[in-house]
Amino acid sequence: MHRPPSTSSSPAPTLPERRGTALLEFRGLTVRFGDHVVLDRLDLALEAGRAVAVVGPNGAGKSTALRCAVGAEAPTSGEVLFDGAPLDETSPAFRASVAAALDDAASFPDLSVVEHLLVVAWAHGVDDPAVVNAAVVDCGLRSVRDNLPATLSSGQARRLALASCLVRPRRALVLDEPEQRLDESGHDWLRERLLAEKAAGTAVLFASHHSALVDAVADDVVTVAP
Ligand SMILES: Nc1ncnc2c1ncn2[C@@H]1O[C@H](COP(=O)(O)OP(=O)(O)OP(=O)(O)O)[C@@H](O)[C@H]1O
């Protein structure tokens with residue numbers, strides 16, 4: 001059930017929201033690496049149309065928490081629930097629902113920016129180049145649309161990672177320090193983009209060191225400490 005693809009600079013279709021219960025939930029999430037307790041019984045609930053920011057100093061466990069949210073890291077104890085059931089990152093429903101940018105690593109190093117986005121969109125059922133073209137413009141990638149990922153600046157690579165989340169349907173966005181390496185206008189764009197995501201019913205979980213972004217976007221703030 002996709003919204004019709006957009007031909008403007010608005011984002012790709014968003015999957016239908018379901019309000020009321022948490023889409024993503026941590027219950028007593030604990031992660032240990034050897035003797036190092038990184039996360040200690042962390043609770044978090046994220047509903048459709050809302051944003052939760054995970055904040056804390058370097059090494060506090062923000063990325064670890066986000067990795068648990070997408071099933072890339074297994075909790076030592078506690079639970080991660082998606083849609084009320086234990087998270088299964090291999091399930092088609094989960095993969096169709098969650099768009100994540102945890103780093104800037106391009107998935108397809110031998111595909112150009114626009115080819116990369118076309119593949120991601122198509123793999124998620126969006127077979128309309130207009131959606132990709134809109135995201136290229138929206139994300140400030142027009143001048144490098146035909147470049148290979150290795151030739152992008154660090155900020156452009158960040159924008160490509162974010163664009164990869166925006167060309168596909170999604171019920172949740174999981175973003176690790178999305179502001180990293182963006183210029184000032186990129187920060188403004190990111191803030192407005194995330195507010196638009198919430199307005200469209202997308203749940204947003206993001207880690208950030210950017211207090212202005214957190215203040216503008218987050219409905220709840222979860223602080224982790226080293
Ligand atoms: N696979 C791992 N094995 C061992 N230790 C790890 C592993 N992954 C993360 N850590 C440790 O867990 C702690 C939390 O790391 P994490 O990357 O989650 O922090 P962060 O809050 O995201 O930091 P930053 O703000 O610097 O991005 C750090 O001390 C890190 O060294």
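Predicted model, so just to flag it, every value in this text is computed and none were measured.

With that out of the way, let us pick up the confidence of the model for the protein chain. Looking at the protein chain as a whole, its pLDDT mean stands at 91, while 91% of the residues score no less than 70. Here residues 1–13 is a poorly scored stretch, pLDDT under 50, and it has 33 contacts once near neighbours within four places are set aside; other chains count. For this predicted complex, the interface score ipTM comes out at 0.97, alongside a pTM of 0.90.

Around the ligand, the structure places F33, V38, G56, N58, G59, A60, G61, K62, S63 and T64. When residues in the shell around the ligand are grouped by element, the largest group, 3 residues, is from helix α1 (residues 62–69).

What follows deals with the sheet that holds strand β6 (residues 98–101). To summarise the sheet geometry, strands pair through backbone hydrogen bonds and adopt either a parallel or an antiparallel arrangement. The sheet built from 5 strands is open, its strands ordered β6-β7-β8-β3-β9 with parallel pairing. Both edges of this open sheet fall to β6 and β9 (220–223), since each of them pairs with a single strand only. Within the sheet, the average angular offset between the axes of one strand and its neighbour, ignoring direction, is 15°. Where helix α5 (residues 154–166) meets the sheet, it contacts β6 and β7 (172–176), and its direction lies at approximately 180° from that of β6.

A word on the environment of R170. Along the polypeptide, R170 turns up in the loop between α5 and β7. Taking the C-alpha atoms as reference points, R170 and T202, 32 residues apart in sequence, are found 6.9 Å from one another.

Side chains of a nonpolar character, in soluble globular proteins, are inclined to be buried together. L117, A135, A163, V167, V174 and L205 are the most contacted members of the largest nonpolar core, which has 65 residues in total. Here the element with the most residues in this core is α5; it accounts for 7 residues. Those residues within four positions of L205 in sequence are excluded, and the remaining contacts are L24, L46, V52, L66, A69, A172 and V174.

The next point concerns the sheet that holds strand β1 (residues 24–33). Across the sheet, 4 strands lie side by side as β2-β1-β4-β5; this open sheet has antiparallel pairing. Across the chains shown, the open sheet's two edge strands, defined by having one partner strand only, are β2 (36–46) and β5 (85–86). The pairing of strand β4 (residues 77–82) with β5 spans 2 bridges and is antiparallel. Across the sheet, the residue bridging to L81 is P86, located in β5.

We now examine helix α6 (residues 184–199). Helix length check: α6 (16 residues) gives 23 Å between terminal C-alpha atoms against 22 Å at 1.5 Å per residue, within 8%. Along α6, the positions that sit buried rather than exposed are G186, L190, R193, L194 and E197. Take α6 and look down its axis: the buried residues cluster within an arc of 95°, on one side only. Facing away from the buried side of α6 by more than 90 degrees, the exposed set consists of E184, S185, E192 and A199. The inward-facing, buried residues of α6 abut β3 (51–55), α5, β7, β8 (203–207) and α7 (211–217).

Before going further, it helps to spend a moment on unusual backbone geometry. Excluding glycine, most residues fall at negative phi; most peptide bonds, likewise, are trans. At R41, a residue that is not glycine, the phi angle is positive and equals roughly 55°. Relative to the assigned elements, R41 resides in strand β2. By C-beta crowding, R41 is classed as exposed, having 12 other C-beta atoms within 10 Å. Phi at R181 is positive, roughly 70°, even though this residue is not glycine. With respect to the helices and strands, R181 occurs in the loop between β7 and α6.

So, how was this worked out
- Think of each chain on its own: its residues are numbered from 1, step by step along the sequence as written.
- Given that this is a predicted model, residues contribute local features only at a pLDDT of at least 70 and side-chain atom pairs are listed and counted only at 80 or more, while totals for whole chains, interfaces and linings are drawn from all residues.
- For every residue, the predictor states its confidence as a pLDDT score lying anywhere from 0 to 100.
- Note on contacts: each residue gets a C-beta atom placed from the backbone, and two residues are in contact if those atoms are within 7 Å.
- What makes a residue near a molecule or strand is its C-beta atom, placed from the backbone, lying within 6 Å of it.
- Here a helix means four or more residues in a row that DSSP labels H or I, a strand means two or more in a row labelled E, and each is numbered from the N terminus.
- Two strands are counted as paired when DSSP detects at least two bridges linking them.
- Axes here mean lines fitted to C-alpha atoms, for a helix over just the part in contact, with angles spanning 0 to 180 degrees between N-to-C directions.
- Nonpolar cores are identified as sets of buried Ala, Val, Leu, Ile, Met, Phe, Trp, Tyr and Cys residues joined via C-beta atoms within 7 Å.
- Three exposure classes are used. Buried residues have 20 or more other C-beta atoms within 10 Å of their own C-beta, exposed residues have 12 or fewer, and partly exposed residues fall in between, all C-beta atoms being placed from the backbone.
- One fewer than the residue count of a helix, multiplied by 1.5 Å, yields its expected span.
- Along the arc lie the directions from the helix axis toward the C-beta atoms.

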